[in-house]
Amino acid sequence: MQDMTQLEITNRQARWLWLESQGLSTTPTGPVNLRDIVDRLGVLQLDTIRVVARAHDHILWSRNQNYREPMLHKLHAEDRAVFEHFSHDACLMPIEVFPYWTRQFRRMREKMDRAGWLKGLPDARGRAEIRDRIAREGPLSSHAFDTRIKERKHMWQRPPHKLALDYMWHCGELTTSHRENFVKFYDLTDRVIPETVRDLEVPEQDQLDFLHCAALDRLAFGSAGEIQRFWDIANANEVKSWLALAGAGLVEVRYQGADKTWYRAYAPPDIEQRLADLRAPTSRLRILNPFDPVIRDRARLLRLFGFDYRIEVFVPASKRRFGYYVYPILEGDRMVGRIEVKADRKANELRVQRLWAEPGIKWTGARADKLAAELQRMSRFVGCPEIVWMCGAQPEIAA
């Protein structure tokens, strides 16, 4: 490992590097190259919640506001440029990652095979019957099967056929062919994943090396924990072992947090060139999704931006600090506020329920105009042309 602890990255540089590496430093306009966007992200989290738009669609739209939902279906179901599996959650990843993901299939199988992990899972024969039916009939969703839970049902329990489908999906025997209205359709992996990547055999250590290098490249700099959390495909000791083996391929740096504290981290070999090429992010104001890669690692978000964020979907209403589904607001390289906004498609309305400025942020007329422009863009994206500010949501404009 290169001894370059003299290389220091200021907090502003750190924020610029992180936003640039995740595609949020430039104005989100122009032709949509969706494959490049997903490759730059590495992992695109899928989520069913649709307060305004589903997380994956919102994340892509934040990087190019000419994006529309059918584009992702084409990239996945027709072009086969991405595949779906489980990282920190259900995600889409570039198809080129697939040969380096077989270790994750094994890890997931071992996890689920532990005694008591999946109660009610059909045996090998039962799973084979489900797999054979998919082989005969083509991609099927869980709705095509009708097995029932025999004992008393609890809210977290799933019927046997759903357990079997998920088990085979996690193990790599089945793959998501496509989704319809967010419903997953399962097919044989051999019929979904292109042969050019499916048949590549990569040693396990090489898989880890590829994925950890890919994580650090997309982070621009990061701690061992941040590298681990990027894909969530290794434990802490495995990441530490990889860092020890990486040797001269990495650079040690110090970077400054929002609170002026200095932290040690690792960076890719080209970090000096990245710093030399660094430019200020666009000053455009953007409403980000709670599952956006820049938001998802809450510890990194707090350290770099001083932005303490928690999604409160599963917090009882009486204990929420802000609201059910509150969106961070990014302006330039600063998190300047939070907004609770909801799309009512039946009424064709985008409703702003509440707006909070971050401590120390003045809500000026110029900033209000930027937010109004972003809300207009968002309203066009989700097909709700009327923007309605609920009573008390409008902030006072600072003099």
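Everything numeric in this text was worked out from a predicted model, so none of it was measured. (Residues numbered from 1 in each chain as written. Predicted model: local features only at pLDDT ≥ 70, side-chain atom pairs only at ≥ 80, totals over all residues. Heavy atoms only, no water.)

1. Quick word on the overall build of the protein chain
Helix and strand counts for the protein chain come out as 16 helices and 14 strands. Projected onto its principal axes, the C-alpha coordinates of the protein chain cover approximately 70 × 60 × 40 Å. Sorting the 399 residues of the protein chain into buried and exposed places 52% on the buried side. For the protein chain, contacts bridging at least 24 residues in sequence account for 65% of all contacts bridging at least 6. Distance from the positive charge centre (62 side chains) to the negative charge centre (55 side chains) of the protein chain: 6 Å. (Helix = DSSP H or I, 4+ residues; strand = E, 2+ residues; numbered from the N terminus. Buried < 20%, exposed > 50% of the residue type's maximum accessible area, 1.4 Å probe, protein only. Contact = heavy atoms within 4.5 Å. Lys, Arg positive; Asp, Glu negative; His and termini not counted. Charge placed at Lys NZ, Arg CZ, Asp CG, Glu CD.)

2. Some thoughts on the packing of helix α11 (residues 224-231) against helix α12 (residues 236-246)
Running from amino to carboxyl end, α11 crosses α12 at an angle of 115 degrees, the nearest separation of the two axes being 9 Å. Here α11 and α12 pass one another in a crossing that is right-handed. In this structure, α11 contributes A224, I227 and Q228 to the contact, and α12 contributes A236, V239, W242 and L243. Here the contact of α11 with α12 is composed, by residue class, of 6 nonpolar, 1 polar and no charged. (Axes fitted to C-alpha atoms, helices over the stretch in contact; angles between N-to-C directions. Left-handed = near helix turned anticlockwise from the far one by under 90°. Nonpolar A, V, L, I, M, F, W, Y, C, P; charged D, E, K, R; others polar.)

3. Structural notes on the environment of L174
Take L174: it is sitting in strand β6 (residues 174-180). On the basis of relative accessible area, L174 is assigned to the buried category, the value being 1%. Along the backbone, L174 and A90 are 84 residues apart, and their C-alpha atoms lie at a distance of 14 Å. The contact partners of L174, leaving out residues within four places of it in the chain, are R131, I134, L165, M168, W169, Y186, D187, L188 and T189.

4. Considerations on the sheet that holds strand β8 (residues 251-256)
Strand order in the open sheet formed by 3 strands is β1-β8-β9, with mixed pairing between adjacent strands. What marks the edges here is a single partner per strand, and that holds for β1 (8-9) and β9 (262-267). In the sheet, β1 pairs with β8 via 2 bridges, with the strands oriented parallel. If you follow E8 over to β8, its bridge partner there is R254. (Pairing = 2+ DSSP bridges.)

5. Looking at the pattern of salt bridges
Going through the model one piece at a time under the given rule, you end up with 33 salt bridges. Note that D333 is salt-bridged to R15, the shortest N-O span being 3.2 Å. Of this pair, D333 sits in the loop between β11 (326-331) and β12 (334-344) while R15 is found in helix α1 (residues 11-21), placing the two residues 318 residues apart along the sequence. Exposure remark for R15: the relative accessible area of 12% places this residue in the buried category. In this structure, R377 and E374 form a salt bridge, with 2.9 Å as the shortest nitrogen-oxygen distance. Of this pair, R377 and E374 are both found in helix α16 (residues 365-382), 3 residues apart, which corresponds to roughly one turn of the helix. Residue classification places E374 among the buried positions, given a relative accessible area of 0%. (Salt bridge = Lys/Arg side-chain N within 4 Å of Asp/Glu carboxyl O.)

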